[in-house]
Amino acid sequence: MEGSAPGEVRMSQAIQPAHSNPRGELSAGQLLKWIDATACLAGSGAGRGVQDAGDPGVPGVRNVKALKGVRPSVDDIQFEETARVGQVITIKAKVTRAFSTSMEISIKVTVQDMFTGIEKLVSVAFSTFVTKPVGTEKVNFLYEEGSITLFSLSPSLCFISRLCRVHPLLKSVDMFKFRGPSTVGDRLVFNATVNNTFQTCVEVGVRVEAFDCKEWSEGRGRHINSAFLIYNAVDDKEEMVTFPRIKPVSEVSYEHMRFSNQTTYSGGSCGYRALPRLSPCTDNNLRGYSPLDDFRRYHGAIARKRIRLSRKYVVSHKEEVPLCEHWNIDNQVSLSKGNVEALKKMAAKSGWEVTSAMEKTKMYILEEDDILSVWVEKHVERPAHLVYHLLSDFTKRPLWDPHYMSCEVIDRVSEDDQIYYITCPVVNDDKPKDLVVLVSRRRPVKDGNTYTVAVKSVILPSVPPSPQYVRSEITCAGFLIHAIDNSSCTVSYFNQISASIFPYFAGNLGGWSKSIEETAASCIQFIENATDDGLISLF
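Residues numbered from 1 in each chain as written. Predicted model: local features only at pLDDT ≥ 70, side-chain atom pairs only at ≥ 80, totals over all residues. Heavy atoms only, no water.

**Observations concerning the overall build of the protein**
Test applied: Only DSSP runs of H or I covering at least 4 residues are called helices, and only runs of E covering at least 2 are called strands; the numbering of each starts at the N terminus. Classification of residues uses two cut-offs on accessible area relative to the type maximum, computed with a 1.4 Å probe and protein chains only: under 20% is buried, over 50% is exposed, and between them is partly exposed. The contact definition used throughout considers only heavy atoms, calling two residues in contact when any of these lie within 4.5 Å. Areas reported here follow the Shrake-Rupley algorithm with a probe of radius 1.4 Å; residue values treat only the protein chains shown as occluding.
Counting its regular elements, the protein contains 11 helices and 24 strands. In the protein, which comprises 539 residues, the proportion classed as buried is 47%. Considering only contacts in the protein between residues 6 or more positions apart, those separated by 24 or more positions represent 66%. Just so you have it, the protein exposes about 26,900 Å², and 53% of that area is on carbon and sulfur atoms.

Right under this line is the structure:
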């Protein structure tokens with residue numbers, strides 16, 4: 001371990017079998033303990049390094065005395081890669097910002113294969129430390145914070161393994177907060193509860209309570225730590241496991257208790273020892289439980305899922321490389337065909353997850369590595385062929401979609417393929433956006449009942465980017481219209497979200513906006529209120 005400058009520490013560690021789980025992978029708890037130790041040293045080094053003169057590399061730190069840090073929270077940690085025995089893990093911690101009594105430390109974790117020399121990013125996170133001058137009130141910690149982090153994972157790992165008979169993999173840690181210290185002689189109780197499941201991941205909430213002898217006899221503990229851990233799981237064939245959906249229960253029942261696990265540790269001057277696990281039916285486990293707790297945890301997990309999605313695609317936003325192709329007479333047939341096939345391929349993917357449901361509308365999302373897609377399903381009381389003609393005419397889209405200011409045809413390639421120029425409103429105080437898109441529409445093949453309207457961006461030399469707009473891109477989008485009977489149909493809208501159009505979806509993913517649902521309702525109203533004269537004019 002080395003520190004190249006005050007407030008900056010770099011640690012490298014070869015992964016030994018003792019650091020791994022039964023699968024030969026670096027234990028997430030061990031990694032979190034190393035992260036914690038490195039961040040603590042970075043914070044301590046910043047305090048010592050700027051005792052006499054300010055450190056220009058640490059904004060806000062000047063003339064402070066030697067400090068010791070207490071970590072109150074850790075930001076969301078996403079694990080992008082798995083480290084294995086024999087590889088070398090490197091952790092870099094650096095104080096990025098400091099204030100009068102706290103500091104923020106950035107943490108970057110990479111793993112390198114010693115045989116190939118290939119280095120990969122494992123995680124990036126931020127930790128917040130509250131500082132105390134040395135020599136003030138003494139706090140005797142039974143476990144250092146890294147140990148608390150390590151022990152918090154143990155009951156949840158056992159829990160998932162026992163519940164699903166699979167190998168759990170920690171994917172991320174969310175909202176890890178330290179609320180208070182534990183002292184020598186305390187007993188620590190770790191409660192783990194499944195809050196919700198999302199296709200191939202499950203959120204486990206962990207609550208840590210500390211008891212001294214008197215508090216233990218009275219059944220009154222101190223809440224010292226809590227965290228939300230997100231796990232994936234793989235089976236014996238190394239394939240991702242899909243978790244069953246769960247629903248909150250409204251009363252204390254066996255069904256609730258079987259989804260809970262409780263572990264107790266007792267510490268003394270010589271360390272800790274495992275005590276028998278408390279029975280799920282004891283008074284200690286039920287004390288303080290409310291019938292509303294299930295609903296609070298269930299919906300809280302959904303809210304945190306939205307926040308993680310929004311953070312992942314907003315904070316990690318990068319300038320995208322344009323993927324749209326040039327449109328010319330030589331490739332128009334292949335582009336049109338590829339446009340339709342890409343939409344159908346997106347619709348056929350598995351793993352779509354419901355994020356909201358209303359009377360006539362459902363919204364789904366699909367995560368694939370760094371690709372996020374949205375599916376909005378609508379029920380419409382109109383024949384499918386009439387809905388097809390209304391939605392495939394993009395000049396009418398500004399009538400119901402507030403994300404479209406104008407839409408004009410610039411090239412009628414054929415009866416079923418047209419190129420449109422679209423302008424969009426301002427979002428986030430930026431310039432308005434514009435698009436050049438190919439719209440390919442297809443009627444059902446023989447014996448079929450699904451109409452297709454596929455959309456993708458193309459490059460047209462006659463319509464170059466304008467300085468008044470930000471040229472944006474639609475990677476793959478469109479409508480699939482499925483006839484239910486002669487008078488109604490289901491309309492499915494799909495969009496593979498690109499970075500340039502993400503701001504229009506960010507509010508929905510973060511949970512602070514219902515713009516997509518409102519647009520879907522407007523679309524339904526527009527279709528169902530269309531007059532017969534207007535429909536006849538389309539033919």
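Further notes follow.
**Remarks on empty space enclosed by the protein**
We count it as follows: Of the grid points, spaced at 1 Å and generated over the protein atoms alone, those admitting a 1.4 Å probe that cannot get out make up cavities, while open sets with protein on both sides within 12 Å along at least five of seven lines make up pockets; any residue with an atom within 4 Å of a point is treated as lining. Grid points are joined across faces, edges and corners, and a volume is the space filled by probe spheres set on the points.
By the definition in use, this model includes 3 cavities of 30 Å³ or more. If you add up the space inside the largest cavity, you get close to 360 Å³. Lining the largest cavity are 23 residues; nearest its centre among them are Arg397, Asp401, His403, Tyr493 and Phe505. Every element with two or more residues in the lining of the largest cavity is listed here: strand S17 (371-380), strand S23 (476-483), strand S24 (489-497), helix H9 (503-510) and helix H10 (515-529).

**Focus on the packing of aromatic side chains**
Under the convention used in this document: Centres within 6.5 Å make a pair out of two Phe, Tyr or Trp rings, where for Trp the six-membered ring is used; the pair is then stacked when the planes are under 30 degrees apart, edge-to-face when over 60, and tilted otherwise.
For the structure shown, the criterion picks out 10 aromatic pairs. Considering the side-chain rings of Trp375 and Phe494, the 5.4 Å spacing of their centres and the 20° angle between planes classify their relative orientation as stacked. You can see Trp375 sitting in strand S17 and its partner Phe494 sitting in strand S24, a full 119 residues away along the chain. Ring geometry for Tyr388 versus Tyr451: centroids 4.9 Å apart, planes at 35°, classification tilted. Taken together, the positions of Tyr388 in helix H8 (residues 384-392) and Tyr451 in strand S21 (residues 450-459) put the pair 63 residues apart, joining distant regions of the chain. The class of Tyr388 is buried, set by a relative accessible area of 0%. Tyr451 sits in the buried class, given a relative accessible area of 16%. Linked through ring pairs, Trp352, Tyr364, Trp375 and Phe494 together constitute an aromatic cluster.

**A short note on the side chain of Glu215**
For clarity, the threshold we go by: Polar contacts, as counted here, are pairs of nitrogen or oxygen atoms within 3.5 Å of one another; within protein the pair requires one atom able to donate a hydrogen and one able to accept it, and residues that are adjacent in sequence qualify only if both atoms are side-chain atoms.
Turning to its location among the elements, Glu215 is positioned in helix H3 (residues 213-218). Engagement of the side chain of Glu215 in a polar contact is seen with the side chain of Arg222, the distance being 3.1 Å. Apart from the residues lying within four places of it in its own chain, the contact partners of Glu215 are Ala210, Arg220 and Arg222.

**Overview of the confidence of the model for the protein**
Selection criterion: Per-residue confidence from the predictor is given as pLDDT, running between 0 and 100.
Chain-level statistics for the protein give a pLDDT mean of 77 and a share of 73% at 70 or above. With pLDDT under 50 throughout, residues 49-67 is counted as low confidence; its partners more than four residues away or in other chains account for 36 contacts. pLDDT under 50 marks residues 138-144. Its contacts with residues more than four places away, or in other chains, come to 24 contacts.

**Re the environment of Pro22**
When you line up the elements, Pro22 lands in the loop between strand S2 (8-14) and helix H1 (28-49). C-alpha of Pro22 to C-alpha of His167: the two residues are 145 residues apart in sequence and 9.2 Å apart in space.

**Considerations on the environment of Glu359**
Along the chain, Glu359 turns up in the loop between strand S15 (353-357) and strand S16 (361-368). Take Glu359: its relative accessible area is 80%, and that puts it in the exposed class. Sequence spacing of Glu359 and Ala521 is 162 residues, and the spatial spacing of their C-alpha atoms is 9.9 Å.

**Details of a nonpolar patch on the surface**
We apply this condition: Like charges within 9 Å and nonpolar side chains (Val, Leu, Ile, Met, Phe, Trp, Tyr) within 5 Å are joined into patches, using only residues over 30% in relative accessible area that form no salt bridge. Salt bridges, as used here, are contacts in which a Lys or Arg side-chain nitrogen is within 4 Å of a carboxyl oxygen on Asp or Glu.
Nonpolar side chains collect at one region of the surface, where Leu121, Val124 and Phe126 lie side by side and expose about 230 Å² of accessible area between them. The residue Val124 is located in strand S7 (residues 119-133) in this model.

**Focus on the nonpolar core**
Rules: Here the nonpolar core consists of buried residues drawn from Ala, Val, Leu, Ile, Met, Phe, Trp, Tyr and Cys, with membership extended through side-chain atoms lying within 4.5 Å. The domain boundaries here were taken from an automatic or database domain assignment.
Ranked by internal contacts, the top residues of the largest apolar core, which has 49 residues, are Leu31, Ile89 and Ile105. For this core, the element with the highest residue contribution is H1, accounting for 6 residues. Here this core gathers at least three residues from each of two domains, domain 1 (1-47 + 65-149) and domain 2 (150-253 + 290-311). Sequence-distant contacts of Leu31, that is, excluding residues within four places in its chain, are made with Leu26, Phe79, Ile89, Ile91, Val109 and Val122.

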